[in-house]
Structure formats: structure tokens, C-alpha cells
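Architecture at a glance
If you want the building blocks of each chain, they are given just below.
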There are 2 protein chains.
Amino acid sequence: MIGIEQRVAIFEGQLKQAGLRMTQQRRLILRILAEAHDHPDAKGIFTRAFEHDPTLSLSTVYRTMKLLESQGAIERHAFEDGVSRYEHADQQHHDHLIDVETGQVVEFSSPEIEALQAKIAAELGYEIVRHRLELYGRKLSKTGRKRVKKDV
Amino acid sequence: MIGIEQRVAIFEGQLKQAGLRMTQQRRLILRILAEAHDHPDAKGIFTRAFEHDPTLSLSTVYRTMKLLESQGAIERHAFEDGVSRYEHADQQHHDHLIDVETGQVVEFSSPEIEALQAKIAAELGYEIVRHRLELYGRKLSKTGRKRVKKDV
DNA sequence: AATGCAATTGCAAATGATTTGCATTATGCC
DNA sequence: GGCATAATGCAAATCATTTGCAATTGCATT
């Protein structure tokens, strides 16, 4: 988990290499994302950013998300509700468990499942390029659970 | 895999119980779905049905898909392109592997993965309500593969 | 610090999938 | 056959996202 300044600096370097520019709005959105501990959608990011810069437009958020995604700086997910949600990409790979009652998103990862996926794909004559695994669940009442990391 | 007539009859029974009616367009769409060996989207179903009944409207297709889904007669999937795709629901549970080059959809199922999912959810304090597992892959060149079931 | 030009932005309009309001039609019980 | 109302077709409405374009801004260069 690196800091905001480093993230901005890294991204600015990537931009420069591509002949692109670091703008106020990109800096702001990057900051919002770095501070986010959840999986906000474009409107959510826009709302948060808007408080710092009321001249920002939603189009710019969308364009920036697309740019960040193409640079590998963020990951985009589309859960069941259909809207795209984003999270920064400096963490290890993980999948998501969505609480069907609250919409809360819990992250998890399972090397065993990954291995099985690769095996299945190979048996079908494929190599996996990427995958999407989402569990939709309901909280168990009271017994033996172990919470890990939660957000919305 | 049951026949079309039986499917229509079953569905008509379900409709009757709900005070709903079996119409020409519902019958037609049901037939199209039963004959489909792929995962068509609303427009695709509409196109196929339109050849049999040019008065059919796309709205009716959407309304019918929603009805069929609520009756458990079909399953709806939204892969990465965002559009909803449908398949009849009389087969055993399975997940999907999508060929990133051709869009071809291969079905597979893995009890091992299902078991792991349940275990992971339980550890996080959840019971799984449903899940979504999609593998996006590229065909291996020539060696050891075993094709199973394919469609688009 | 001023200049120039392409990259970027904000805005509004366009898109594309899906839904919905409403007047018209058709289904299925009497 | 007649009726009440469920279902349809059409057009207009949504909703998330994208895009055209004129105005602005970043930044490399004087």
C-alpha cells in the first residue's frame, strides 16, 4: 500500500511517457481513489471529488477512470447491479463476496480456487486470461465466523 | 433436457396459477429458447422470433424474459459486454468460460470449486446465496485439450 | 514570464440497453 | 359469443456511459 504522493508521481510519469498531461482533476480523482476504502462507482467518485472542486464534471470522471484503467492504476468491477465500480490496483489479486442484504463488499482470495480454475480451463483447451468470481451471500447468524476486510 | 411441448405445458400451468395468460408471443419465445443452443441476448431472441412473427416487439421479449426468469424457467447472465444473455434453466448448474477471441461460451462445472466457495464464505461468516464465476480465456494452440460443450 | 499548440475539460447531446405509460388487442373463464 | 383484464406494440422515458465541440489549460519552448 503506497502513499498518495507516490501514486500521483508514478501516474504522472506514466502520463508523461504517453505524451499526456497531469491535470488538477486527474490529481483530485487519484487522491479520492487512494483515500477510498470501498468500491465506489463513477457517480460516487464524482460526488466526493465535487466537494473539493465544484467545477469538475462527471464526464471527466468517466474519462479519467478509463485512462486509469488503461494504465493499470485501477481495476473496474461490474457486480450484479450493472454499474462499474472501481478500486485502486496496488493490492494483491482478490475476489469479492457481496452481502446481498447490505451491498457490503468483502474481499477474499483463494489460491486453491485459482489453481482449480487453471486446471479446468486447461482441460477445456484454454488458458485463462482473467476471471470473475463473485459470491453473493447472507451473513450467518452468530456462530464461528472470521471477518477480514469490509467496505461498501 | 425435456421437450418443447412439455416446457410450454409446464409454463402454462405456472401462468395459470398466477392468473396469467399463455399468449402466442410467449409460446413463440419459449420455443426459440428451447431450440437455442447458445446464450442469446434480447435482441438475438427478438431477431429469431421476428422471423416467425413480424408483429412481435422487442418490449415483449424483454417483458417475457423477465417473466420467465421470475418463474425460474430461464437464467440470465451478464458477461463482460454488459448485455443480458439468457439460457433455459432445465439443465444442471454450471459456470461459463468465455473465449476472449471469439466470444464463444463453453459451459463447465466444478464441485470442487463450489465446495471451496462455500468454505470460504463460511469462514467469512456468510452463507452463499448465489455466485458468478466466469473464466475468460484463449484457446491453447494444439496440445492436450478436451472440448466439452460450446456455443456462442 | 510570454507564446503556442495540442491535450483536456465542461456541457449538452448521442448512445445503447432496458423499462414503462398508454391506448388497443387478445385470452380464457362465464 | 361476451367480458373483464392481462398482454401487446409503440413511443417515450430511464440510466449509465460516451462523444462532439468549443473553450480552457498544461507544459515545452522561447
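Residues numbered from 1 in each chain as written. Chains lettered and ligands numbered in written order. Predicted model: local features only at pLDDT ≥ 70, side-chain atom pairs only at ≥ 80, totals over all residues. Heavy atoms only, no water.

Any two side chains of opposite charge can pair, so long as their charged atoms come close to each other. By the definition in use, this model includes 16 salt bridges over all chains. When the shortest N-O distance is used, the salt bridge between A:Arg85 and A:Asp81 registers 3.4 Å. Residue class for A:Arg85 comes out buried when judged on its relative accessible area of 18%. We note a salt bridge from A:Arg132 to B:Glu134, for which the minimum N-O separation is 3.0 Å. With A:Arg132 in strand β5 (residues 126-139) and B:Glu134 in strand β5 (residues 126-139), the pair connects residues from two separate chains. The buried category is assigned to B:Glu134, whose relative accessible area is 3%. Each of the salt bridges in this network shares a partner with another, and the network as a whole consists of A:Glu101, A:Arg138 and B:Glu127. (Salt bridge = Lys/Arg side-chain N within 4 Å of Asp/Glu carboxyl O. Buried < 20%, exposed > 50% of the residue type's maximum accessible area, 1.4 Å probe, protein only. Helix = DSSP H or I, 4+ residues; strand = E, 2+ residues; numbered from the N terminus.)

Time to look at the pairing of strand β2 (residues 84-88) of chain B. The two faces of the sheet receive side chains in turn, since in a regular strand these alternate between them. All names here are of chain B. Judged by how many residues are buried, β2 sits mostly within the fold: four of five residues are covered. Relative to β2, strand β1 (residues 74-78) runs antiparallel, the two sharing five bridges. Following the sheet pairing, isoleucine 74 is matched in β2 by histidine 88. (Pairing = 2+ DSSP bridges.)

Quick look at the confidence of the model for chain A now. In this model, chain A carries an average pLDDT of 89, and 92% of its residues clear a pLDDT of 70 or more. Across chain A, element-level confidence peaks in helix α4 (residues 58-70) of chain A with a mean pLDDT of 96 and bottoms out in strand β6 (residues 150-151) of chain A with 54. (pLDDT = per-residue confidence, 0-100.)

With that settled, the discussion passes to α4(A). All names here are of chain A. In this model, α4 (13 residues) spans 19 Å end to end at C-alpha, consistent with the 18 Å of a helix rising 1.5 Å per residue. Residues Thr60, Val61, Thr64, Met65, Leu67 and Leu68 constitute the buried set of α4. Seen from one end, α4 has its buried residues packed into an arc of 165°, which puts them on one side. For α4, the exposed residues set more than 90 degrees away from the buried face come down to Arg63, Lys66 and Ser70. Taken together, the buried residues of α4 touch α1 (4-17), α2 (24-35), α3 (42-50), β1 (74-78) and β2 (84-88). Looking at the residues trailing α4, positive phi occurs at glycine 72, about 75°. (Expected span 1.5 Å × (residues − 1). Arc of directions from axis to C-beta. Contact = heavy atoms within 4.5 Å.)

Residues in contact with DNA strand C amount to 23 residues; listed here are only the nearest, A:Arg21, A:Arg26, A:Thr55, A:Thr60 and B:Tyr62. Per the 4 Å cut-off to the protein, sugar and phosphate atoms form 68% of the nearby atoms of DNA strand C. Interatomic distance of 2.5 Å between a side-chain N/O atom of B:Tyr62 and a phosphate oxygen of DNA strand C. Here B:Ser84 contributes a backbone N or O atom positioned 2.9 Å from a phosphate oxygen of DNA strand C. Secondary-structure elements contributing two or more residues to the surface near DNA strand C are α2 and α4 of chain A together with α4 (58-70) of chain B. It is α4(B) that contributes the most residues to the surface near DNA strand C, four residues altogether. (Near = heavy atom within 4 Å. Polar contact = N/O pair within 3.5 Å; in protein donor to acceptor, adjacent residues only side chain to side chain.)

Near DNA strand D there are 22 residues, and of these A:Arg21, A:Tyr62, B:Arg26, B:Thr55 and B:Thr60 occur at the shortest range. Side-chain polar atom of B:Arg26 to a phosphate oxygen of DNA strand D: 2.6 Å apart, as the coordinates give it. With four residues, the top contributor of residues to the surface near DNA strand D is α4(A).

It is worth spelling out the packing of helix α3 (residues 42-50) of chain B against α4(B) at this point. Residues and elements named next belong to chain B. One can describe the packing of α3 onto α4 by two numbers: an axis separation of 9 Å at closest approach and a directional angle of 120°. If you check the angle between α3 and α4, you find them oblique. The crossing of α3 and α4 is right-handed. On α4, the residues touching Ala42, Lys43, Ile45 and Phe46 of α3 are Leu58, Val61, Tyr62 and Met65. Classifying every residue of the contact of α3 with α4 gives seven nonpolar, no polar and one charged. (Axes fitted to C-alpha atoms, helices over the stretch in contact; angles between N-to-C directions. Parallel < 35°, antiparallel > 145°, perpendicular 65-115°, else oblique. Left-handed = near helix turned anticlockwise from the far one by under 90°. Nonpolar A, V, L, I, M, F, W, Y, C, P; charged D, E, K, R; others polar.)

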